[in-house]
Amino acid sequence: MQRFQQYIDGVFDDGSARFDSLDPATGAVWASMPEAREADVDRAVKAAEQALWNGAWPAMTATARGKLLYRLADLVQANAPRLAELETRDTGKIIRETSAQIAYVADYYRYYAGLADKIEGSTLSIDKADMDVWTRREPVGVVAAIVPWNSQLFLAAVKIGPALAAGCTLVVKASEDGPAPLLEFARLVHEAGFPKGVLNVITGFGPSCGSALTRHPGVAHIAFTGGPATASQVVRNSAENLASTSLELGGKSPFIVFADADLESAANAQVAGIFAATGQSCVAGSRLIVEHSVKDAFLALLKQKAEAIRIGTPLDMATEVGPLCTARQRAHIETVVAASVEAGAKVVTGGSAVEGDGFYYPPTILDCDGVQSPSFEQELFGPVLSVVSFTSEDQAVALANDTRYGLASGVFTQNLTRAHRMVKRIRAGIVWINTYRAVSPIAPFGGYGQSGHGREGGMAAALDFTRTKTVWLRTSDEPFPDPFVMR
Ligand code: TXE
């Protein structure tokens with residue numbers, strides 16, 4: 001059995017307690033993890049506070065910080081195969097995806113490495129003759145970065161990269177489900193040579209570890225990815241210390257196909273949108289909204305592609321859909337699918353868990369036309385696509401926006417003017433036209449409504465980890481004037 005450690009103040013240790021991690025492909029225990037409790041959280045935040053104000057980190061130039069980030073990026077790239085294997089082992093995410101994603105994670109660190117010394121204040125054209133006024137962008141403080149199980153290294157990188165570029169220090173909390181890759185990543189942080197306490201990596205359970213971290217008075221900003229219910233709890237906790245928050249939550253993203261679309265291309269994108277990552281993706285295009293005249297043809301294409309998907313062990317490069325991360329997640333999907341069928345949804349393909357060991361659930365398509373289907377409303381976080389049809393553009397928009405979420409959306413059409421209209425009318429943080437699931441360190445990422453607030457990726461993300469200091473310098477040698485007149 002493999003044994004992992006937490007990383008606090010530049011030192012690896014076993015944590016206050018231990019818990020077992022299951023291999024989702026077999027359901028058997030495969031590794032032992034360190035469980036951070038309140039005392040560990042307190043130590044980690046205090047180490048990050050120390051590193052923020054004292055020692056090498058605050059004295060370092062932004063360029064030097066960038067060089068450390070470049071070194072980290074190179075280490076991530078060099079160790080990508082090992083990290084990918086760990087992520088696959090611990091979360092069930094297929095190796096084909098983890099290998100590609102972790103290699104790309106290195107580019108996120110490179111983007112923010114280059115950005116570190118481009119974060120600038122400004123000189124103001126102030127309306128007073130005897131003053132020079134300028135602003136400085138300073139690190140917001142200690143950042144708590146909390147991630148869920150899906151794509152842990154990726155979801156951590158979009159927080160760690162900009163936060164370090166901005167000069168912050170962090171306590172990163174890996175999910176209790178599949179923390180191995182992030183705990184291992186801490187070894188690369190150590191090897192890269194970051195001063196102790198700058199980046200601490202712990203894991204543990206929500207009520208003990210997560211809650212202690214988000215309530216800690218030493219935390220200035222919480223960057224959170226997870227479910228909306230947990231996010232509400234996080235925001236309530238943050239209120240105690242008035243910490244700022246950025247929240248990247250779930251979605252129920254519409255995937256809209258017009259009759260004039262290239263159906264073959266749209267079907268491939270829809271497969272990527274809902275069955276990649278076994279559907280455990282915040283941007284999953286889980287609501288197919290298809291023009292009625294092509295519904296049957298498009299569903300036939302999708303059914304054929306879904307049934308050709310290779311379900312298998314996640315460490316096999318040929319596997320296309322692996323197990324879900326947890327038995328709990330699979331039980332949730334089974335419950336919602338059963339309720340949807342009960343409500344009248346028709347199973348086009350899939351619809352019941354795969355027999356045998358591991359937490360497998362097959363690619364599933366539910367025809368929900370004319371049905372009030374829970375699967376069309378709730379985020380399932382699994383390989384389940386719910387389908388409805390429309391007959392007018394207005395109806396397509398109304399269906400797309402009929403959700404409390406607003407993370408992503410896809411529009412498939414060859415009609416340029418319609419595509420532009422859809423961009424304006426859809427309420428979501430991302431609109432993909434004739435493509436789906438594309439991401440980049442250069443492009444902002446985040447949602448509307450219950451999908452959260454704040455953006456990850458791009459320049460703005462780094463600025464979110466700064467606060468502005470305004471400096472006033474009086475250039476006159478005359479005595480300070482009348483103290484009772486505002487100037
Ligand atoms: O997330 P949680 P879970 C959605 C998806 C999924 C559901 C629940 O629908 O089925 O959320 O997933 C930590 N204070 N998404 O249970 O519980 C927890 O330990 C502070 C969408 O995994 O939100 C973990 O590290 N932290 C999504 C992290 O929060 C707390 C990704 C996420 O856990 C805490 C994941 C607390 N009180 C799930 N309680 C996306 N956008 O990709 C828990 N945590």
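Residues numbered from 1 in each chain as written. Predicted model: local features only at pLDDT ≥ 70, side-chain atom pairs only at ≥ 80, totals over all residues. Heavy atoms only, no water.

For clarity, the threshold we go by: UniProt positions are given in the numbering used here, feature names are shortened, and annotations may be inferred rather than shown by experiment.
The name given to the protein chain in an unreviewed UniProt entry is Carnitine dehydratase, with Rhizobium wuzhouense as the source organism. What UniProt states about the protein chain under its Sequence similarities (unreviewed entry) heading is, verbatim, "Belongs to the aldehyde dehydrogenase family."

1. A few points about the sheet that holds strand E12 (residues 254-257)
In a beta sheet, neighbouring strands are held together by backbone hydrogen bonds and run either parallel or antiparallel to one another. What counts is decided by this rule: Two strands pair if DSSP finds at least two bridges between them. Note on conventions: DSSP H or I runs of at least 4 residues are helices, E runs of at least 2 residues are strands, and numbering of each starts at the N terminus. Contacts are assigned to residue pairs with any non-hydrogen atoms lying within 4.5 Å of each other. Axes, fitted as lines to C-alpha atoms, cover a helix only where it is in contact. Angles between the N-to-C directions of the axes lie from 0 to 180 degrees.
Spatially, 7 strands are ordered E14-E15-E16-E13-E12-E17-E18 in an open sheet, and the strand pairing comes out mixed. Looking along the sheet, the strands with just one partner apiece sit at the ends: strand E14 (346-349) and strand E18 (432-433). Of the pairings in the sheet, the one linking strand E17 (residues 410-412) to E18 comprises 2 bridges and is parallel in character. Within E18, the residue paired with Gly410 across the bridge is Trp432. On top of the sheet, helix H10 (residues 263-275) reaches E12, strand E13 (287-291), strand E15 (364-367), strand E16 (384-390) and E17; it is set at about 170° to E12, its chief contact.

2. A few points about the site of the ligand
For the record, the criterion: When we say a residue is near a molecule or strand, we mean one of its heavy atoms is within 4 Å of it. Distance and chemistry together define a polar contact, namely a pair of N or O atoms within 3.5 Å, with one atom able to donate a hydrogen and the other to accept it when in protein, and with adjacent residues in sequence counting only for side-chain atoms on both sides. Here the Shrake-Rupley method, with its probe set to 1.4 Å, supplies the accessible areas, and only the displayed protein chains count as covering residues. Where each domain starts and ends follows an automatic or database-derived domain assignment.
The local shell around the ligand holds 28 residues, among which Glu176, Gly227, Thr230, Leu249 and Glu379 are the closest. Contacts to the ligand include Lys173, whose side-chain N or O atom sits 2.8 Å from an oxygen atom. Starting from 820 Å² of accessible surface for the ligand in isolation, the protein chains cover 87%. At the level of secondary structure, the elements contributing two or more residues to the shell around the ligand comprise helix H8 (206-215), strand E10 (221-225), helix H9 (228-239) and helix H12 (327-343). Here the shell around the ligand takes 4 residues from H8, the largest share from any one element. For the shell around the ligand, the two domains that each supply at least three residues are domain 1 (2-250 + 442-472) and domain 2 (254-427).

3. Notes on the UniProt feature "domain: Aldehyde dehydrogenase" (unreviewed entry) in the protein chain
When the UniProt feature table is mapped onto this chain, "domain: Aldehyde dehydrogenase" (unreviewed entry) is found at residues 16-471. When the span residues 16-471 is considered, its composition is 43% helix and 19% strand, and the gap between its end C-alpha atoms is 45 Å.

4. As for the packing of H10 against helix H11 (residues 292-308)
Quick reminder of the rule: Should an angle lie under 35 degrees it is considered roughly parallel, over 145 roughly antiparallel, and from 65 to 115 roughly perpendicular; all remaining angles are considered oblique. If you view the pair so one helix is near and one far, a crossing is left-handed when the near helix is turned anticlockwise from the far one by less than a right angle, and right-handed when it is turned clockwise. In this count, Pro and Cys sit with the nonpolar residues alongside Ala, Val, Leu, Ile, Met, Phe, Trp and Tyr, while Asp, Glu, Lys and Arg are called charged and the others, Gly among them, polar.
In the contact formed by H10 and H11, the axes pass within 10 Å of each other and the chain directions differ by 55°. Of the possible angle classes, the one that applies to H10 and H11 is oblique. As H10 packs across H11, the resulting crossing turns out to be right-handed. Across the interface between the two elements, Leu263, Glu264, Ala266, Ala267, Asn268, Gln270, Val271 and Phe275 of H10 pack against Val294, Phe298, Leu301, Leu302, Lys305 and Ala306 of H11. Across the contact of H10 with H11, the residue classes break down as 10 nonpolar, 2 polar and 2 charged.

5. A few points about the pattern of salt bridges
Stated formally: Counted as salt bridges are all cases of a side-chain nitrogen of Lys or Arg within 4 Å of a carboxyl oxygen of Asp or Glu. The classification of residues rests on relative accessible area computed with a 1.4 Å probe and restricted to protein chains. Under 20% of the type maximum is buried, over 50% is exposed, and intermediate values are partly exposed.
All chains considered together, the criterion is met by 31 salt bridges. Arg96 is the partner of Glu320 in a salt bridge, and the nearest nitrogen-oxygen pair spans 3.8 Å. Residue Glu320 is located in the loop between H11 and H12, and its partner Arg96 is located in helix H5 (residues 95-115); the two are separated by 224 residues in the primary sequence. Since its relative accessible area comes to 24%, Glu320 is described here as partly exposed. Judged by its relative accessible area of 38%, Arg96 is partly exposed. Lys295 is the salt-bridge partner of Asp367, the closest N and O atoms lying 2.9 Å from each other.

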